[in-house]
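What the coordinates show
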Amino acid sequence: MDDNIRLLSDITKCEIINVNDGEKYNTIINNDIIIDENGYLKFLIVNLGSGKISFFNKNEFLEIPWSTVKKIGTKTVLLDADEDMITKSKL
């Protein structure tokens, strides 16, 4: 296999870190990735609810463009996302 190819199963346990502000966003497996109709990774959807399930509170999410991913290492995914690139929403 080509050294530049990464499997999703290889990165699911990687912690997501935004180097722009030092924020940590849990691991890939606890979040989602939006893929477009052509198979390209478009957005990383980060769940800010920290795994708490509640019927009364709405979970908050961050929508971060996949283009902000700068490096995928063995244990971390490094983002460089300015605050104006991140969209905050509730489900």
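Look above for the structure.
Notes on the structure follow. It should be emphasised that the depicted structure is a prediction, and the values quoted were computed from it without experimental measurement.

When you go through the protein residue by residue, the secondary structure sums to 1 helix and 8 strands. Put simply, the protein runs from its N terminus to its C terminus through helices and strands in the order α-β-β-β-β-β-β-β-β. Counting only residues that meet the buried cut, the protein has 30% of its 91 residues in that class. Counting only contacts in the protein whose residues sit at least 6 apart along the sequence, the fraction spanning at least 24 positions is 40%. Total accessible area on the protein is roughly 6,800 Å²; 50% of this is exposed by carbon and sulfur atoms.

On to the sheet that holds strand E2 (residues 24–27). A sheet is described by the order of its strands in space; here 4 strands give the open sequence E2-E1-E7-E6, paired in mixed fashion. Strands with a single pairing partner mark the edges of an open sheet, and in this sheet they are E2 and strand E6 (69–72). In this sheet, neighbouring strand axes are inclined to one another by 20° on average, regardless of whether the strands run parallel or antiparallel. Taken together, the 4 bridges between strand E1 (residues 15–18) and strand E7 (residues 76–79) define a ladder with parallel strand orientation. Looking across to E7, one finds that Asn18 is bridged to Leu79.

This paragraph deals with the sheet that holds strand E5 (residues 60–65). Strand order in the open sheet formed by 4 strands is E3-E4-E5-E8, with antiparallel pairing between adjacent strands. Two strands close off the open sheet at either side, each with one partner strand: strand E3 (32–35) and strand E8 (87–90). For this sheet, the mean angle separating the axes of adjacent strands, direction not counted, is 30°.

Basis of the calculations
- Residues numbered from 1 in each chain as written.
- Predicted model: local features only at pLDDT ≥ 70, side-chain atom pairs only at ≥ 80, totals over all residues.
- Heavy atoms only, no water.
- Helix = DSSP H or I, 4+ residues; strand = E, 2+ residues; numbered from the N terminus.
- Buried < 20%, exposed > 50% of the residue type's maximum accessible area, 1.4 Å probe, protein only.
- Contact = heavy atoms within 4.5 Å.
- Areas by Shrake-Rupley, 256 points an atom, 1.4 Å probe, with all protein chains shown as cover.
- Pairing = 2+ DSSP bridges.
- Axes fitted to C-alpha atoms, helices over the stretch in contact; angles between N-to-C directions.

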